[in-house]
Structure formats: C-alpha cells, structure tokens
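Per-entry structural report
One letter stands for each residue in the lines below.
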Amino acid sequence: MQRGTKIVATIGPASSDLATLIRMFEAGVNVVRLNFSHGRAEDHIERAALVREAARACGREVAIMADLQGPKIRVGKFENGKIELEPGRRFILDAECELGNQERAGLDYKELPRDLKARDVLLLNDGLIVLVVERVLGSAIHTVVKIGGELSNNKGINRQGGGLSAPALTAKDMEDVKTAMSFQADYVAVSFPKNATDMVMARQLANIAGEPYGHKPFMIAKIERAEAIPALQEILDAADGIMVARGDLAVEVGAAAVPALQKRMIKMARASNKLAITATQMMESMIVNAVPTRAEVSDVANAVLDGTDAVMTSAETASGRYPVETVEAMAAICVEAEKWDACKLDIDFLNTRFARIDQSIAYGALFTAHHLGVTAIATLTESGSTALWMSRYNIDIPIVALTPNVAVQRKLALYRNVSTLELAHSDDRDAMLKAAEDLLLKHGVAVAGDTVVMTWGEPLGVVGGTNALKIMQIGRP
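Residues numbered from 1 in each chain as written. Predicted model: local features only at pLDDT ≥ 70, side-chain atom pairs only at ≥ 80, totals over all residues. Heavy atoms only, no water.

Description of the packing of helix H1 (residues 18–27) against helix H11 (residues 323–338)
Which entries qualify depends on this criterion: Note on geometry: axes are C-alpha line fits, over the in-contact stretch for helices, and angles between N-to-C directions span 0 to 180 degrees. We count a stretch as a helix when DSSP gives it H or I for four or more residues in a row; a strand needs E for two or more, and each element gets its number in order from the N terminus. Under this scheme an angle from 65 to 115 degrees is roughly perpendicular, one under 35 degrees roughly parallel, and one over 145 degrees roughly antiparallel; angles in between are oblique. Contacts are assigned to residue pairs with any non-hydrogen atoms lying within 4.5 Å of each other. For this classification, Asp, Glu, Lys and Arg are treated as charged, while Ala, Val, Leu, Ile, Met, Phe, Trp, Tyr, Cys and Pro are nonpolar and the rest, including Gly, are polar.
Running from N to C, H1 and H11 cross one another at 5 degrees; their axes reach a closest spacing of 9 Å. In this view, H1 runs roughly parallel relative to H11, as classed from their interaxial angle. Residue-level inspection shows Thr20, Arg23, Met24 and Ala27 of H1 in contact with H11, the latter providing Pro323, Val324, Val327, Glu328 and Ala331. A per-class count over the contact of H1 with H11 returns 6 nonpolar, 1 polar and 2 charged.

Looking at helix H5 (residues 196–210)
An α-helical turn contains 3.6 residues, so a residue and the one three or four places further along point in the same direction. Applied cut-off: What a helix should span is 1.5 Å times the count of its residues minus one. When a residue's accessible area, from a 1.4 Å probe over protein chains only, is under 20% of the maximum for its type it is buried; when over 50% it is exposed; and in between it is partly exposed. Think of the arc as the fan of directions from the helix axis to the C-beta atoms.
Look at H5: 21 Å from first C-alpha to last across 15 residues, which is about the 21 Å you get at 1.5 Å a residue. Turning to H5, its buried residues are Ala196, Asp198, Met199, Ala202, Ala206, Ala209 and Gly210. The arc that holds every buried residue of H5, seen down its axis, measures 155 degrees, which confines them to one face. Seen from the buried face of H5, the exposed residues on the opposite side, beyond 90 degrees, are Thr197 and Ile208. Buried residues in H5 make contact with helix H4 (171–182), strand S12 (187–190), strand S13 (218–223) and helix H6 (232–238).

Some words on the sheet that holds strand S11 (residues 157–159)
Put simply, the rule is: Pairing between strands requires that DSSP locate at least two bridges from one strand to the other.
The sheet built from 6 strands is open, its strands ordered S6-S5-S9-S8-S7-S11 with mixed pairing. Because the sheet does not close on itself, it has two edges, and the strands there are strand S6 (104–106) and S11. Neighbour-to-neighbour, the strand axes of the sheet open up by a mean angle of 35 degrees, direction not taken into account. Where strand S7 (residues 121–124) lies against strand S8 (residues 129–137), 4 bridges are found, and the strand directions are antiparallel. From the neighbouring strand, leucine 123 faces S8, where its bridge partner is valine 130.

Section: the packing of aromatic side chains
Spelled out, the test is: Stacked, tilted and edge-to-face pairs are distinguished by plane angle, under 30 degrees for stacked and over 60 for edge-to-face with tilted covering the rest, among Phe, Tyr and Trp rings (Trp via its six-membered ring) whose centres lie within 6.5 Å.
Applying the stated criterion to the full structure yields 2 aromatic pairs. For the pair tyrosine 187 and phenylalanine 218, a centre-to-centre distance of 5.7 Å together with 80 degrees between the ring planes defines the contact as edge-to-face. Here the residue tyrosine 187 occupies a position in strand S12, and phenylalanine 218 occupies one in strand S13, the gap between them amounting to 31 residues. The same class applies to tyrosine 187 and to phenylalanine 218, which are both buried. Centroid distance tyrosine 363 to tyrosine 393: 5.1 Å. Interplanar angle 80 degrees. Geometry classified as edge-to-face. One end of the pair, tyrosine 363, is in helix H13 (residues 357–372); the other, tyrosine 393, is in the loop between helix H14 (385–391) and strand S18 (399–403), and 30 residues separate them in sequence. The burial state of tyrosine 363 is the same as that of tyrosine 393; both residues are buried.

A look at the nonpolar core
Just so we agree on the cut-off: Definition used in this section: a nonpolar core is a set of buried Ala, Val, Leu, Ile, Met, Phe, Trp, Tyr and Cys residues joined via side-chain atoms within 4.5 Å.
One finds Phe25 and Ile223 to be the most contacted residues of the largest nonpolar core, which totals 72 residues. A total of 8 residues in this core trace back to one element, the largest contributor, which is H11. If sequence neighbours within four positions are ignored, phenylalanine 25 has contacts with Val32, Val51, Ala54, Ala55, Cys58, Arg60 and Val62. Within the second largest apolar cluster, 38 residues are counted, among which are Leu275, Ile277, Ala401 and Leu412.

Here we look at the environment of glycine 162
With respect to the secondary-structure elements, glycine 162 resides in the loop between S11 and H4. Sequence separation between glycine 162 and glutamate 224 is 62 residues, and the spatial gap between their C-alpha atoms is 9.5 Å. Not counting chain neighbours up to four residues away, the residues in contact with glycine 162 comprise Ala226, Glu227 and Glu252.

Here's the deal with the pattern of salt bridges
Pairing of side chains with opposite charge becomes possible as their charged atoms draw close. Quick note on the threshold: By definition here, a salt bridge exists when the distance from a side-chain nitrogen of Lys or Arg to a carboxyl oxygen of Asp or Glu is within 4 Å.
By the definition in use, this model includes 26 salt bridges. Between arginine 90 and glutamate 134 there is a salt bridge whose closest N-O contact spans 2.8 Å. Of this pair, arginine 90 sits in strand S5 (residues 90–94) while glutamate 134 is found in strand S8, placing the two residues 44 residues apart along the sequence. Judged by relative accessible area, which is 58%, arginine 90 ranks as exposed. Across the pair glutamate 134 and arginine 135 runs a salt bridge whose closest N-O atoms are separated by 3.6 Å. Residue arginine 135 is classed as partly exposed on the basis of its relative accessible area of 40%. By sharing partners, the salt bridges in this structure join Arg33, Asp67, Lys222 and Glu224 into a single network.

A few points about unusual backbone geometry
In this structure, the amide linkage connecting glutamate 458 to the following residue, proline 459, adopts the cis form with an omega of 0 degrees. The phi torsion at asparagine 125 lies on the positive side, around 55 degrees, for a residue other than glycine.

Examining the sheet that holds S12
Backbone-to-backbone hydrogen bonds join strands into a sheet, with any given pair of strands oriented parallel or antiparallel. With parallel pairing, 8 strands are arranged side by side around a closed barrel as S1-S2-S3-S12-S13-S14-S15-S16. Each strand axis lies, on average, 25 degrees off the axis of its neighbour in the sheet, ignoring direction. The pairing of strand S1 (residues 6–10) with strand S16 (residues 310–313) spans 4 bridges and is classified as parallel. Following the sheet pairing, lysine 6 is matched in S16 by alanine 310. The strands touched by H5 are S12 and S13; relative to S13, the strand with the most contacts, the crossing angle is about 145 degrees. Contacting S1 and S16, H11 runs over the sheet at an angle of about 160 degrees to S16.

As far as function goes, none of this settles anything; it's purely spatial.
Right, here's the structure in full:
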C-alpha cells in the first residue's frame, strides 16, 4: 500500500454514474460520503447500491458514510429568490414570515428568537453576511446589517460564539438514520453535537434502526459548534471518531482559530484511539479548475502531517467538473506528505501503559516491526480493534488486516495505514496462518523470504481476543 492517509469523497450529480465512480475508486477513494442535506431517501438508497456495485467491479471494499443534516438553521425563501443587503440598513428575521423580501426573511428554525438578545452577532451564508441584533420582539429579530452582500434562499445562520439551543438530532435526521441503516451504512456522521449525550442518543437510534439487518455503524461526531470544543474529550469518548468540520466551526469560533483547533482535535483523537477526518474546502478550487492551488496542496499536506486518518472532498467531487482529477491530486499530495512524516515510535512508547492483552500485542507488533524493518504487519482480526490501535502510531510499514467479516473490512477503510484482505475463518490455527501467508503472497504484500509480523487470537474467532504474535519468514516452515 503506497498511501496511508485515506480519502473520503462526497458523491452527487457529478459522480453518480458507475463509470465515474469506478474511476474515482481506482484513483484512490476509500470512503464515499452521502450528504443527507441534499436529495431524497430514494436518491441515497440508489447511490449506495451504485457504490457497492462499483466497489465489486474494482475488487475492493469501499465504506459508505451517511452524513446527517442536523439542525442547520437557515433563512427561508425569497419572493425573487434573492436580495441584496447593504451595510447600515435594518433587516428583520421573522419566524412567522412565509416569503421573504428586501425588509425581512423567514426562518426554518422557529425557536431562534428565543436564543438571541441585543448585541448578538449573526453570521449568514458561511459568514459572508454579518448582522447585529438590535432587539427581539416576539417572533421577529430586528438587526442592523454590518457586512452586506447577496442573500439567497435557504442560506445558513450561525450565532457568533455558538450557544444556539437547537438539538443535534432533528426529526429528519431520525428518518435519515433509518434510511442509512436500510443499506447498512458503515459510518454515520452526526452534525452539530454539543456533548456526549448527543452522540449516545445518535448511536442508540442507529443501533435500533440497524438491528433488523444485524448491523451497527461506527459513529462520527462532526465538530462544528463552539460549545463542542470544551466538551471534545467526552464527545470523543462517546464516538468512534470525529470530523474536523471547518466550515461551520470557522463561522462560530472565527477562521483564525481553526488551524490550531484542527491540530489539537486530531492529536486528541489519536491519543483516545479514535478516528479523525479533516474536511471542508480542501480542494475547493477544483470545483471549476483542473489543478489545485498551492495553498490547497499545503492544506491537505498539513492535515496529513497533523496525523489525520482521512481528508475529505465535498462539492469538488459531488458537483464539480473534475471529480476524478480531484481524487488523483489529493492522493498524490498525501503520498508526498507521508514521506516527510517521520516515525517516532520509540518516543511515543516511552510513557505508554498497556491496559489490555490485545492492546499489548498490537503495540508489541509495531515496536518489533519497526526495529526489525519487516515488510508488513498482518493482523488477523474479528472486530478491527487491533488494527485501530496499530494505526494510531505513525509507522512506515504497511498494516494489513485479515478478516472474514466484510462489514469490518469496510469500516477499516477509514483507518490510516491499514489495508484489508478477506480471510475465511478456520478453527485450525495452523491452517489459518498458512491461509494468511498464502493471501499475503497472492496479493503481493510480501514475497518468499520476506519477514512479516503476524498477530492473532486464541481461541480463534473471539472478538477482542488477540493474544499471540509471531515473527515469520514468508514461504518457510
């Protein structure tokens, strides 16, 4: 495996045909994001089926992430589709207004007036328009335009500094979770969680909806609210990973604060044995251009150097002109950045304490592989947890997870520096290890004479039971 950092690609009108998807997968997509802020349930079901078909055509497993819309607070529609706001003019946001005009606009979140007071600052359309609240009278929020511009239908609203009371899970989200579980989405991304309770509730809903299919997705918390920052550790503890969702987060905390927060969040995720995805405007110019800007190249590379598991595209691959080229460029940047991402295992392990046997085996495999300079680390895994622990530390040796479980293969598609192969289960240890060795040879992971570190658990087939490590030379008894 030449690239350790994974790529999450949002699909949409520009990438919803089989031929384009296959080209995107061949270019390097590991996870497909279905954005539930757009489209009908039927659209997502059809696209999920298309993703599975394209993955089969490529002979590999690609994960699906269902990204819930969450309580996106927006203005309503306008009589003429849009208006122009001028600095210094007064403008009203009215929860009871049905169709907006030059003087006022409606709100899709009717409780917004309750959350606001005089001198609060509202940021519309990703912060491009700034309104200062003068007063709140009933359902009407009276404001003065500080920074004007064009305001069109359904643009988002944020309160500077956060503090809006909208719940993380809306009625729409609850229905969308059921839709996502109908096609067994591997990951569910929860928008705007404020605390661990939001993630616990989302997981419970997903597990209940997935029960008829025997499926439990991994849960990703999208960090995009100001109040999520002080609660980050508890959110991490309740989730399987986080998304550094830089769009809404930048609007709430200020764009200047985001780069340092990104580094902090990724570091905390890795320390907590959780996943991290870096998202928003990573290759934005490639919506219309065939090559990225130098700043975008640096942005992606810095996320890789920060230790992110994955980098993500949005409109670039969903509606842009160059979806395949975007993935190719992103993959190339990741490869180059990883060359300079030095391995520091000795330092990383200085103060590490092992709480479990399987965790000890995972770290022991990393340490041994690093100092012996082996070709690969192969881990026989039922749940993927051993591969997760290994992937939290930077090592320039491929980690190959061998599992009989296709659902686990798909979830592992997001883990940094981990690739997967399907290995049929056996109750015979020697037969299983021989089959694993043959699989590594067949797929070119190793050749005869190479040294490989292999881990597994006895008795075989027990989840969380990894307790054995072997240093083996491929092709020798």
